[in-house]
Protein chains: 2
Amino acid sequence: MSFSITEENYIKAIFHLQQEDGTVSTNDLSAVLQTKPASVTDMLKKLKTKKLLSYERYKGVRLSAEGRRLALGIVRKHRLWEYFLFNTLQFGWDEVHEIAEELEHVTSKKLVEKLDAFLGYPRFDPHGDPIPDSHGKMTVRQQLNLIDLPVNKMAEVSGVGSQSSELLELLKHRNISMGTKLEVKRRFSFDHSLEIRIKGQQPFIISQQLAQALFVKLV
Amino acid sequence: MSFSITEENYIKAIFHLQQEDGTVSTNDLSAVLQTKPASVTDMLKKLKTKKLLSYERYKGVRLSAEGRRLALGIVRKHRLWEYFLFNTLQFGWDEVHEIAEELEHVTSKKLVEKLDAFLGYPRFDPHGDPIPDSHGKMTVRQQLNLIDLPVNKMAEVSGVGSQSSELLELLKHRNISMGTKLEVKRRFSFDHSLEIRIKGQQPFIISQQLAQALFVKLV
DNA sequence: GAAAAAATTTAGATTTGTCTAAAAATATTT
DNA sequence: AAATATTTTTAGACAAATCTAAATTTTTTC
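For clarity, every value in this text was computed on a predicted model and none was experimentally measured.

A. Expanded view of the environment of B:Leu182. Looking at the secondary structure, you find B:Leu182 in strand β5 (residues 181-188). If near-sequence neighbours (up to four positions away) are discounted, B:Leu182 is found in contact with B:Leu146, B:Leu149, B:Lys153, B:Met154, B:Ala155, B:Val157, B:Ile196, B:Arg197, B:Ile198 and B:Lys199.

Structural data, given as structure tokens:
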């Protein structure tokens, strides 16, 4: 069985939304895919007949084992291409997502395996997200949200919560990127902002929203 | 203005058919695109309104300057990706075309330029076809370096890189002279040596230095 | 230069993925 | 638990790209 680019994008979106909570709603999908809820309903019915997901009207949706396998394949391709664009072609880490959105739909299985080998079987993409291997397995990284990082523990940035250009723009301006070493100096309960200090720089304050969008690991 | 993958495939097909004779017929297009003539007619009308070609009913079709520019851009992408697949990812030269058919539709301009730079601005793809540069210009090849001769293409020796007696001595010993017909059987990336076969003889291996000193033309 | 053959176009239908507007089901508020 | 609000689905329509069958134009043959 083969799938259109549109179908693949639905499956990928459901996969990502499912990470948080078990079932995914029509409205959530409508929001991330930028299509009307009515169109989402139509597509869900279609994907159900293709056995990629279980769906009952008004009850939300969940990927089947088959659907999950497909999703992992797409995510694998997306992240391998991101790695290629960043490491081989020297793109900025804020540019790679958009291009990978197209490359991820190229179908050749052999291409994916050759690319993986050429890149040296990388396990994380430029945003710190794990790259599924050819069996769909991902290395889990002991990564925590910056908002949860204990005060005065040195850590390094290992992931971001979204690929939005707004976030990436802010990070660029704040001079934060993958591997940046930092620690939390203080917490302000009023607005949940944090004072952080990047190694070798003066401390400064970041918002709760930004802190929640950053993942770090202890060093 | 942007174009669908289908529209791009029509433009590319017209471009290739146009190489032979000036105008292209509905039936020829129908044959290479594997669609019914009626469908071709519909698309030609559409592409005419987009000013990519000139078309009058029953009279065949010709690309406009705009259409030619678009076609060259697609051919450029196709051949750069073929070069990448063959030279970087070590695909067989018979496998690259099919995969490049998908990659050629990825839209990022910057990707094409970065890929071109990464590959070292190659001027010919693995089949020996010229790669248009970013302005759409192609090198016309009459004579090429033996090191660039695609595998399994019969060619004849048409020139040498120097007149040094050392070179000529070696050529005499190897039994190679002007007009000798040969083909490349294999390439060894380790030392860039080539296995070649002179028509009617057993294959043997020559060094990179020797290959670079020989010019051939396709026969 | 007709008649026959081939190529091309028109007309009307189909599939995919989308939309709007209205109806139905579910969730929230009071 | 009734009223209200929100979410989701249904019904019917539309654009893109295709098809088949029939009509038209061009080309070839005699």
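B. Just unusual backbone geometry, in detail. Residues and elements named next belong to chain A. Notably, Gln90 is not glycine yet its phi reads approximately 65°, a positive angle. Examined against the element boundaries, Gln90 turns out to sit in the loop between α4 (65-88) and α5 (96-103). One non-glycine residue, Asn152, lies in positive phi territory at about 65°. Looking at the element boundaries, Asn152 is found in the loop between β3 (144-145) and β4 (155-160). Accessibility expressed as a relative area gives 47% for Asn152, which makes it partly exposed.

C. Just the sheet that holds strand β8 (residues 214-218) of chain A, in detail. All names here are of chain A. Here six strands make up an open sheet; going across it, the order is β3-β8-β4-β5-β6-β7 and the pairing antiparallel. Edge positions in the sheet fall to β3 and β7 (204-206), since each has one partner strand and no second. Relative to β8, β3 runs antiparallel, the two sharing two bridges. Note on β8: the bridge partner recorded for Asn145 is Phe215.

D. Representation of the pairing of β4(A) in the model. Residue and element names in this part refer to chain A. Counting buried residues in β4 gives six out of six residues, a clear majority hidden from the surface. As paired elements, β4 and strand β5 (residues 181-188) share two bridges and run antiparallel to each other. By the bridge assignment, Ala155 is partnered in β5 with Leu182.

E. Inspection of the protein's contact with DNA strand D at higher detail. Of all residues adjacent to DNA strand D, which total 21 residues, the nearest are A:Asn27, A:Tyr55, B:Ser4, B:Ser39 and B:Lys46. Counting only atoms of DNA strand D within 4 Å of the protein, the sugar-phosphate share comes to 80%. At 2.9 Å from a phosphate oxygen of DNA strand D is found a main-chain nitrogen or oxygen belonging to A:Tyr58. Between B:Tyr10 and DNA strand D, the recorded distance is 3.4 Å, taken from a side-chain N or O atom to a phosphate oxygen.

F. A look at the sheet that holds strand β7 (residues 204-206) of chain B. Residues and elements named next belong to chain B. Strand order in this open sheet of six strands is β3-β8-β4-β5-β6-β7, and the pairing throughout is antiparallel. The open sheet terminates on both sides in strands that have one partner only, identified here as β3 (144-145) and β7. Running over the sheet, helix α7 (residues 165-174) touches β4 (155-160), β6 (193-198), β7 and β8 (214-218) and is turned about 175° from β7.

G. How the structure looks around the protein's contact with DNA strand C. Taken together, 21 residues lie near DNA strand C, and A:Ser4, A:Lys46, B:Asn27, B:Thr41 and B:Tyr55 sit nearest. Counted by atom, the contact set of DNA strand C within 4 Å of the protein is 79% sugar and phosphate. In this structure, a phosphate oxygen belonging to DNA strand C sits 2.8 Å away from a side-chain N or O atom of B:Thr41. Counting only elements with at least two residues in the surface near DNA strand C, the list comes to α1 (5-20) and α3 (37-49) of chain A together with α2 (26-33) and α3 (37-49) of chain B. Looking at the surface near DNA strand C, the element that brings in the most residues is α3(A), giving five residues. Its residues assigned to classes, the surface near DNA strand C shows eight nonpolar, eight polar and five charged.

H. Broad picture of the pattern of salt bridges. Residue and element names in this part refer to chain A. Counting across every chain of the model gives 23 salt bridges over all chains. Ionic pairing is found between Lys172 and Asp94, a salt bridge with its closest N-O pair at 3.3 Å. With Lys172 in helix α7 (residues 165-174) and Asp94 in the loop between α4 and α5, this residue pair connects regions lying 78 residues apart in the sequence. In this structure, a network of salt bridges that share partners links the residues Glu7, Lys46 and Lys50.

Rules used in this analysis
- Residues numbered from 1 in each chain as written.
- Chains lettered and ligands numbered in written order.
- Predicted model: local features only at pLDDT ≥ 70, side-chain atom pairs only at ≥ 80, totals over all residues.
- Heavy atoms only, no water.
- Helix = DSSP H or I, 4+ residues; strand = E, 2+ residues; numbered from the N terminus.
- Contact = heavy atoms within 4.5 Å.
- Buried < 20%, exposed > 50% of the residue type's maximum accessible area, 1.4 Å probe, protein only.
- Pairing = 2+ DSSP bridges.
- Near = heavy atom within 4 Å.
- Polar contact = N/O pair within 3.5 Å; in protein donor to acceptor, adjacent residues only side chain to side chain.
- Axes fitted to C-alpha atoms, helices over the stretch in contact; angles between N-to-C directions.
- Nonpolar A, V, L, I, M, F, W, Y, C, P; charged D, E, K, R; others polar.
- Salt bridge = Lys/Arg side-chain N within 4 Å of Asp/Glu carboxyl O.

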